[in-house]
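# Commentary on secondary and tertiary structure
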Amino acid sequence: KPKGNHGATGKEEDELTQLQNKATMKIFAEIEQRRRTIDRRKRGFEQRERAQEDEEKTKEKNERDHDKRWREGERVDKRVGNWRDFQGGDSSQCGKKGKLN
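Residues numbered from 1 in each chain as written. Predicted model: local features only at pLDDT ≥ 70, side-chain atom pairs only at ≥ 80, totals over all residues. Heavy atoms only, no water.

## Points about the overall build of the chain
- Counting secondary structure elements, the chain contains one helix and zero strands.
- Here the chain, with 101 residues, has 1% of them falling under the buried criterion.
- Carbon and sulfur atoms provide 51% of the accessible area of the chain, an area that totals close to 10200 Å². (Helix = DSSP H or I, 4+ residues; strand = E, 2+ residues; numbered from the N terminus. Buried < 20%, exposed > 50% of the residue type's maximum accessible area, 1.4 Å probe, protein only. Areas by Shrake-Rupley, 256 points an atom, 1.4 Å probe, with all protein chains shown as cover.)

## Quick notes on the pattern of salt bridges
- All told, the structure shown has four salt bridges when counted by the stated rule.
- Note that Glu-32 and Arg-36 form a salt bridge whose closest N and O atoms lie 3.0 Å from each other. Of this pair, Glu-32 and Arg-36 are both found in helix H1 (residues 3–100), four residues apart, which corresponds to roughly one turn of the helix.
- Judged by its relative accessible area of 29%, Glu-32 is partly exposed.
- Accessibility expressed as a relative area gives 52% for Arg-36, which makes it exposed.
- A salt bridge links Asp-39 to Arg-35, with the shortest nitrogen-to-oxygen separation between them at 2.8 Å. Of this pair, Asp-39 and Arg-35 both sit in helix H1, separated by four residues, roughly a single helical turn. (Salt bridge = Lys/Arg side-chain N within 4 Å of Asp/Glu carboxyl O.)

## Quick word on a positive patch on the surface
- On the surface, a cluster of positive charge is made up of Arg-71, Arg-75, Lys-78 and Arg-79.
- Relative to the helices and strands, Lys-78 resides in helix H1.
- Note on Lys-78: relative accessible area 60%, which makes it exposed. (Patch = residues over 30% accessible without salt bridge, like charges linked within 9 Å, V, L, I, M, F, W, Y side chains within 5 Å. Lys, Arg positive; Asp, Glu negative; His and termini not counted. Charge placed at Lys NZ, Arg CZ, Asp CG, Glu CD.)

## Details of a negative patch on the surface
- Residues Glu-46, Glu-49, Glu-53, Asp-54, Glu-55, Glu-56, Glu-60, Glu-63 and Asp-67 make up a contiguous surface patch of negative charge.
- Take Glu-46: it is sitting in helix H1.
- When its relative accessible area of 31% is taken as the criterion, Glu-46 is described as partly exposed.

## Describing the confidence of the model for the chain
- Of the residues in the chain, 77% reach a pLDDT of 70 or more, and the chain-wide mean stands at 82.
- Across residues 1–6 the pLDDT falls below 50, and counting only partners more than four positions away or on other chains, this stretch makes zero contacts in the model.
- The model gives residues 91–101 a pLDDT under 50, and that stretch makes one contact with residues more than four places away or in other chains. (pLDDT = per-residue confidence, 0-100. Contact = heavy atoms within 4.5 Å.)

Here it is in structure tokens:
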């Protein structure tokens with residue numbers, strides 16, 4: 001083989017190696033970009049899921065608190081009503097006692 005032809009082959013091999021390296025780097029870059037996109041989507045999904053769970057927990061807690069307050073309020077009204085009934089019954093008795101004394 002002539003030397004000039006061998007030199008051109010070496011130059012072509014260098015260019016081929018560079019093109020292969022560029023193609024390889026491009027493939028790795030695309031893979032990394034896809035991985036990052038998938039990670040970003042996954043984090044967003046998990047964040048939305050956590051927010052939804054927190055919202056549901058808050059809603060349940062608010063409902064429990066509301067029920068608790070409502071029950072306590074009803075009990076207070078019942079107690080006050082019973083006390084008023086008791087006072088009404090006592091006042092007639094107190095009045096009688098007052099008249100006897």
